[in-house]
Amino acid sequence: MLIKTHMGVSADGFISSVDGRPALLSMPTFVSGESHGHPEFIADCGAVVMGRSTFLPAVGGSYWPWSGLEVFVLTSQPLPEATPAGVVSAADPAELLALMQKADFAGNVHLVGGQQTIDAFRQIGALDLLGIVTLPILLGDGTRLTPAGSAAQYLRLDSTRTFPDGAVEQIYSIAAPLT
Ligand SMILES: NC(=O)c1ccc[n+]([C@@H]2O[C@H](COP(=O)([O-])OP(=O)(O)OC[C@H]3O[C@@H](n4cnc5c(N)ncnc54)[C@H](OP(=O)(O)O)[C@@H]3O)[C@@H](O)[C@H]2O)c1
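Residues numbered from 1 in each chain as written. Predicted model: local features only at pLDDT ≥ 70, side-chain atom pairs only at ≥ 80, totals over all residues.

Re the pairing of strand 4 (residues 45-51)
The buried count for strand 4 comes to 5 of 7 residues, which makes it a mostly enclosed element. Bridge count between strand 4 and strand 7 (residues 108-113): 5 bridges; the pairing is parallel. By the bridge assignment, Val-48 is partnered in strand 7 with His-110. Two elements, strand 4 and strand 5 (residues 70-74), share 5 bridges in a ladder whose sense is parallel. (Buried ≥ 20, exposed ≤ 12 C-beta atoms within 10 Å, placed from the backbone. Helix = DSSP H or I, 4+ residues; strand = E, 2+ residues; numbered from the N terminus. Pairing = 2+ DSSP bridges.)

Below, the structure is given as structure tokens:
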């Protein structure tokens, strides 16, 4: 089981704009679940994991983005009443990782985000692949890929590919801490 991200990131390093809108949504070429390599990325995943801030907008909406996938949420709070049955949560990343390892699904785990949750899994050594899709846009401000004060880290580039709109996918393995 690998834990891996596929984050849309602006060329100036933001995963979302100041108002919390994910960077990918600013691309006119973005098609949910279809564009920017998502189908290939998700094909080997049996589960998704995310932080509460990334999870909440999907609850109670007309469209559930994670059909057919086990869903894990990092949060210290109870999940909203409208949360579909089967969603698992924990307040501690190591505890949530243990629940994922015991759960009945096959394949890898898509770490959907956001910034804090990626950092939490990286801190416990549980982030295997950092996939980013660098978008040909500058957002100027917003939520960065990494939170202030997060640990410096070497990455090893495993693959790249370019999409027709100029977005570039880079898949990195997590390497040694940068000291
Ligand atoms: N570009 C993309 O592809 C993409 C993808 C996903 C999200 N996003 C953006 O990312 C933003 C949200 O990111 P975010 O970093 O603010 O939020 P997040 O990681 O989605 O959720 C933060 C919450 O997760 C829990 N959490 C995080 N770290 C924890 C830890 N170490 N221990 C315990 N609980 C922990 C806490 O929940 P409690 O407060 O309940 O304890 C925290 O408030 C949104 O603007 C979203 O649009 C972008």
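Some details on the nonpolar core
If you look at the biggest cluster of nonpolar residues, it comprises 24 residues, and the most contacted ones within it are Val-49, Phe-72, Met-100, Val-109, Leu-111, Phe-121 and Leu-127. At the level of elements, strand 4, strand 5, helix 3 (93-102), strand 7, helix 4 (115-123) and strand 11 (168-177) are the ones that each hand at least two residues to this core. Every residue in contact with Leu-111, bar those within four places of it in the chain, is listed here: Ile-3, Lys-4, Thr-5, Val-49, Thr-117, Ile-118, Phe-121 and Leu-127. The next biggest cluster of nonpolar side chains, apart from the first, holds 12 residues, and it includes Phe-14, Ala-23, Leu-24 and Val-133. (Core = buried A, V, L, I, M, F, W, Y, C linked by C-beta atoms within 7 Å. Contact = placed C-beta atoms within 7 Å.)

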